[in-house]
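Overview (structure and organization)
Here's the letter readout for the chains.
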Amino acid sequence: MAVKAMGTWVGGFCRTGRGDLGSRRSDAVAAAGPNWRLEVSRAEGRSECAGVCAKPVEGVKPVEDVKPVEDEDLSSAPPSSEVNEGAGNRGAEQQPRKLNRDLPKPLSLTDLTVSSHGSNVRVAYQGSPGAFSEAAALKAYPQCVAVPCEQFEVAFKAVELWLVDKAVLPIENSVGGSIHRNYDLLLCHRLHIVGEVQMAVNHCLMALPGVKKEELKRVLSHPQCEIALGKLGVIRESIDDTALAAQLVASNGLKDAGAIASARAAEIYGLRIVEEMIQDTSDNITRFLILAREPIIPRTDRPFKTSVVFTLEEGPGVLFKALAVFALRSINLTKIESRPQRKRPLRVVDDSNYGTAKYFDYLFYIDFEASMAEPRAQNALSHLQEFATFLRVLGCYPMDTSL
């Protein structure tokens, strides 16, 4: 079956002769330059956020009101000798352990009113120093200044407000699956995916120096280690921030508690690793996205990946037709994820023969192996517009083939 090309991609938009885009958009699209964001609402002919945007955070100034200040040095990590100082004194061990105060304090929502700019690349990540996200940031940018943030949304806003240059955030894990919160935040913020990082995760069980594994009664643990901890017969206290778990055990001097975190976290907080690779599955891989304010220029001299999000009308075979536009052009799909539309969770269909039906309304996220510099990728998205009521390109970026 011959597939008719729907139009030509200029910048991040598709210029077609269809009335739903409107002829008035042509001039604005041509002036957009190399912006690979596509947002087309076929129903109204305008851009939209697909109804998942979060409420604005109080106290956050817009970008134009932010004044740059000098960089803070957030890259220093405390030597383990300082954390362990006085470990030989038995009386001192009974007191809470004092950590080096030079550790960078994670950014919070109230910190997003001041911007920093400097010569070093500043990369935001969610978590405390020693988190796996920090390791991913350092893998992507070995000479960067890693900036910890308390929440995922803080990392997004830190990039938007020019506190940092980029953000590295997890999007999926081979054991735990997709990080749904970050999928939703991609729609709520005007950032571009400019790269990805895939990293093997090594969960380590750690405790205070001198504490044996048999003496542990409870462990501050990530959910991916339940089976291993069940064999130890300890109580698992759930915590998502693994580095924070190590920090809590060290700072409070918890002799009956262990933590599961990275080997770097054990070094930073002066803990002893009692067992490595304690996760339930040995092949534990996390994929991270690199986000920036501006997109990168797609190329064809190396493998590229493109991420898009779209919505569809309700009907038989509509999703099949949408996915077929990639199969017809031999484009491999590497990821498909669906998320409900929060402002329009249900779609009501009035059928005179059978009454009223209600369907869940979803957003579809897709990653495919092709660069937007390739005509086949441009034609596939033009073809997808026949079925999509909303379509946006989240980013076109080099694939991480290091694993």
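Keep in mind that this is a model prediction, so the values were computed, not measured.

Brief notes about the overall build of the protein chain
Along the protein chain, the regular secondary structure elements total 11 helices and 22 strands. When the 403 residues of the protein chain are sorted by exposure, 49% land in the buried category. Pairs at least 24 apart in sequence give 77% of the contacts found in the protein chain among residues at least 6 apart. By element, 50% of the accessible surface of the protein chain is carried by carbon and sulfur atoms, the whole surface being about 19700 Å².

Quick word on the side chain of K335
Its location among the elements puts K335 in strand β18 (residues 333-340). The class for K335 is buried, based on a relative accessible area of 14%. Within the local environment of K335, its side chain forms a polar contact with the side chain of E337, the two groups lying 3.3 Å apart. In contact with K335, not counting residues within four places along its chain, are E172, S178, Y183, Y365, I366 and D367.

Brief notes about the environment of G253
Topologically, G253 is positioned in the loop between α8 (242-252) and β14 (257-261). What makes G253 buried here is its relative accessible area of 18%. Along the chain, G253 and L208 lie 45 residues apart, while their C-alpha atoms are 7.3 Å from each other.

Describing empty space enclosed by the protein
Rolled over the atoms, a probe with the dimensions of a water molecule shows which regions are left empty. Scanning the model with the defined rule gives 2 cavities of 30 Å³ or more in all. Put simply, the largest cavity is a space of about 70 Å³. Those elements that provide at least two residues to the lining of the largest cavity are α6 (180-188), β16 (285-292), β17 (304-312) and β21 (362-368). The biggest single contributor to the lining of the largest cavity is β21, with 3 residues.

The rules behind these values
- Residues numbered from 1 in each chain as written.
- Predicted model: local features only at pLDDT ≥ 70, side-chain atom pairs only at ≥ 80, totals over all residues.
- Heavy atoms only, no water.
- Helix = DSSP H or I, 4+ residues; strand = E, 2+ residues; numbered from the N terminus.
- Buried < 20%, exposed > 50% of the residue type's maximum accessible area, 1.4 Å probe, protein only.
- Contact = heavy atoms within 4.5 Å.
- Areas by Shrake-Rupley, 256 points an atom, 1.4 Å probe, with all protein chains shown as cover.
- Polar contact = N/O pair within 3.5 Å; in protein donor to acceptor, adjacent residues only side chain to side chain.
- 1 Å grid on protein atoms, 1.4 Å probe; cavity = no way out; pocket = protein on both sides within 12 Å on 5 of 7 lines; lining within 4 Å.
- Points joined across faces, edges and corners; volume = space filled by probe spheres on them.

Purely geometric numbers; function is a separate question.
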